[in-house]
Structure formats: C-alpha cells, structure tokens
Amino acid sequence: MTEGRTFTVATDAEIVNLIEAAQRRLVVIAPALSLLVAKALARRFNDLDHLDVRVIVDADPEVYRLGFGEQEALEEIRQAATRNLLDLREQTGVRIGVVISDDTTMIFAPVSKNIEAGSETAEKPNAIMLRGSSSDSLISAAGADPLSAASKGEIGNSALDPAKVEAMQADLARNPPAKFDIARRMQVFTSRVVYVEFEIKNFTLSRKQVPLPRDFQTVVNAQLRDQITSRLTAPIAQLGAVKVSVGTGDSAQEELIDDTWLRKARKQIEDLYTFQIDNFGRVILREDREKFDAAIQEFTTVVESYHAAVRKALDEHRKTFRDNFVAEFLPRWKTSPPTYMSQWGRTPDETSLSKELENRANEVFDEMMNFAPPTVRLVEKNVSPKNVEDPRFLDPLRRIMEKRRVPRQIIESLFASGDAAPQQPDFLDLS
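## Section: unusual backbone geometry
Then comes step 1: One non-glycine residue with positive phi stands out, namely L85, at about 60 degrees.
Then comes step 2: Position of L85 relative to the elements: it lies in the loop between α4 (71-83) and β4 (89-90).
Then comes step 3: For D102, which is not a glycine, the phi torsion comes out positive at approximately 60 degrees.
Then comes step 4: With respect to the helices, strands and loops of the structure, D102 is situated in the loop between β5 (97-101) and β6 (104-108).

## Focus on the packing of α4 against helix α6 (residues 162-174)
Then comes step 1: Between α4 and α6, whose axes approach to 12 Å, the crossing angle comes to 155 degrees. The angle between the axes of α4 and α6 places the two elements in the roughly antiparallel class. Between α4 and α6 lies a crossing whose hand is left-handed. Residues Q71, L74, E75 and R78 of α4 form the contact with α6, whose own contacting residues are P162, V165, M168, Q169 and L172.
Then comes step 2: When grouped by side-chain class, the residues that make up the contact of α4 with α6 number five nonpolar, two polar and two charged.

## Here we look at the packing of helix α1 (residues 12-21) against helix α2 (residues 35-44)
Then comes step 1: Viewed as axis vectors pointing N to C, α1 and α2 meet at an angle of 5 degrees, and their least axial separation amounts to 9 Å. Taken together, the axes of α1 and α2 lie roughly parallel to each other. Between α1 and α2, the residues in contact are D12, I15, V16, I19, E20 and A21 and L36, V37, A40, L41, R43 and R44, respectively.
Then comes step 2: When its residues are assigned to classes, the contact of α1 with α2 shows eight nonpolar, no polar and four charged.

## Looking at the packing of aromatic side chains
Ring pairs (aromatic) are described by centroid distance and by the angle formed between their planes.
Then comes step 1: What the rule picks out here adds up to six aromatic pairs.
Then comes step 2: Taking the centre distance of 5.4 Å and the plane angle of 70 degrees together, the rings of F280 and F393 count as edge-to-face. Taken together, the residues F280 in the loop between β15 (274-277) and β16 (281-285) and F393 in helix α14 (residues 391-403) connect sequence positions 113 residues apart.
Then comes step 3: Look at F280 and you get buried, because its relative accessible area is 13%.
Then comes step 4: Residues F321 and F325 carry aromatic rings whose centres are separated by 5.8 Å and whose planes lie at 40 degrees to one another, so their mutual orientation is tilted. Pair noted here: F321 and F325 are both in helix α11 (residues 318-335), with a separation of four residues, about one helical turn.
Then comes step 5: Given a relative accessible area of 4%, F321 falls into the buried group.

Thresholds applied
- Residues numbered from 1 in each chain as written.
- Predicted model: local features only at pLDDT ≥ 70, side-chain atom pairs only at ≥ 80, totals over all residues.
- Heavy atoms only, no water.
- Helix = DSSP H or I, 4+ residues; strand = E, 2+ residues; numbered from the N terminus.
- Axes fitted to C-alpha atoms, helices over the stretch in contact; angles between N-to-C directions.
- Parallel < 35°, antiparallel > 145°, perpendicular 65-115°, else oblique.
- Left-handed = near helix turned anticlockwise from the far one by under 90°.
- Contact = heavy atoms within 4.5 Å.
- Nonpolar A, V, L, I, M, F, W, Y, C, P; charged D, E, K, R; others polar.
- Phe/Tyr/Trp six-rings, centres within 6.5 Å; stacked < 30°, edge-to-face > 60°.
- Buried < 20%, exposed > 50% of the residue type's maximum accessible area, 1.4 Å probe, protein only.

Right, dumping it as structure tokens:
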C-alpha cells in the first residue's frame, strides 16, 4: 500500500498489516475471511487484555459458495475466540469490508474469487483509507465503542450462533463450493441431483447352477433328480433362511436372511435414496450420496455374511448328496467303468469306483458352493441443463419427490445457474 493514499487496494497482506498494527482497538467486518487473514486475526485474540476487538461476519453458506472467503478461516477464528472468551458477531447479508486499526480505517469491496483474482495494485483500487476521527463514528456504528452507553450498534448485534455455523457447514458439505477457472466465463448450471447408475450382481443364490459332467447326465434316483436335470442346482430351497448378523456394534442383531430378504433390502435402499424417472434414469440428491454409499457398503457386508452362512449350511448336505450320487452311478460304472479307470495298469473294482465317485461328487458339490462375491457398479453423472428444461424430466421428478415427502425448500432449490465457469464441466446430455 502506498503511504498516504486514500484510494488503495485491500489485499490480504494489507489487511494483515492493519490487524497486526492495532494497539488499542481492532474492528473487522466482512462477509467472510481468507485463511491468511483469519490466522492473523486469531493471533490478536491473545491480546484482549489491552486490545478491544470486534469481529462481524456473515454465516450464510452462499458467502462461501460465492467465493468471498474460505470455510477453514471461520473455524480458525471460532476456535481462537473460544479459547480467549471472545464473542464473535454476525450480520446477515453484509457485503462490505471494514478494518479499523486504532485511528486508521480501510473500507473495501470484498472480491469474489469465483469471478476474479482481485487487484494487487493501488492503480486498480477497491478500498478507501480513512484516518483520524472519522473512525469514531464507524466504531460506534459497529457497536465496538467500550465507552459508549449504547449497548447496540447499527450492525453485528447478534452473536455468531454455533448452531447456525454447524448448519452452514452441513449445507456446504451437502452442496460444496465449485472450483472455478477465473480465465473463463460462461453460464454455469448447478444441480442438487445427479444421475446414478446402480447395479448389484451375485447377491442372490436360489438360482445358482453348475454344469453336471457329461458322463453323469442320465439320472434315475428320485432324490438326486430333484437337484439334477442336465444341470445341478444348489439346494437353497431346502435350507430356507439362514441366520446372519446385521449391523455393527451395539446395533448388531441376528436376522433370518434369504434371497427374498436381500431383494427387499436392496429395493429399500433404492426407494430411500434414489428417484426413478422413466426414460431418463435414476437420480439422487448430492447430499444423500454419503449415506447411500454407506447403505450399499452395509448391504454388501450382509451379502458376504449370507454367502458364508449358506456355504456352512450347505456343507451339512454334502454327505447325503455324495451318498445319493454314488448310489445313482455305481451300478452303471460297475457294468461300464469310465475308460480312464482302466488305464495305466489299473483294474477297477467296486471300492475304487466308489471312491472315485465320491471324489467326483465332492468336486460337483464344491463347484455348487463356489459363489461369486457380490459386485457393485455405481456410476455418477451430472444432470444436463437441457434435462431441467424438459417437462418429461422435471415434472415426474417433482411428483415423486413430493410423494416421498421431500421438503419443499429442497425441491424448489434443486437447480440454479449463474455467471462463472466450473473447472471441468461434466454434464450429461440425454436430449
């Protein structure tokens, strides 16, 4: 900053200089702060025994989505204020910056980093410097005059409510600020919903089949015929539901699970978190994605436990299956043993034929229990602005959300547009 200038530029470095120079009083008013400024301000909270400090900011998440400051900066000064018992203040909608350092005042226009990088030279000013008694009226208006009998100023009369900050942080987590390339400008479209392609394979077992070796495909035994035609099916139907632990920690409980239970659980996840729009696909609210992913992971864990329980239960059927297998094929093998049993100097007898049939039965049974692990395919794609202009997309989406009791404020804020440019647009055009 050029000494003595009235019109100047409010860089982070100049604001930090003013903060560090304060000896008696320090007032900082802004929509939000950069992390560099917040760190400098937080250090001055240690000087409250001789320095009067007042900080007024906004607590609207849009401040951060618009690029007026960094979310980490607010947490930095909140923690420092808590340690030093300083009461931070809030002014909804403040869009002007003020720094009062003793008798020097800087009034500046905060810059949205989403739109421009900000000036670094006084020849491109965004601030005015005032000195002397002109700061007194600003101090009083900000409610920062310790000698004033008035308890309130014109702004900053509300304490920065921790609950409101937590709500702001949750809002930003659901719909975070976009990354922007300030070298480009275009019409930007943002959406609270995204397309999600969702598929889970290999979670049911009742239709599990394995090929029966060619030399075993003619079956007479009635019990074996229930499982074998030209293919062998796993005897899941005879098992019924199996006990599986569902959940973790104190919430874990045993459930009787079968394929029907799994299909119902999968559908519950879809119905709870996603919205199916005919001819377009399935969409999900961005803010629900983390819970959706957690539900899918929990479902996959249950499927894996179910497969393990079924294997254990099926293994109890192994001996019966093997005995039936031997009883079915031994008479035929005694009359006409397979060629390989008579090769390499071997002479097949009933004992060796029975042993080989037991081995072959075990091989078939092992293949029957060789369940492929469950796989999840989850692909997220952004919604296109053209979709939102299409009533075939928007009207069904509104109807299904209203039917599912989605709050009206969420439905009304699903889509927005404005001037700026995302770094890597990735919109899906289904037109």
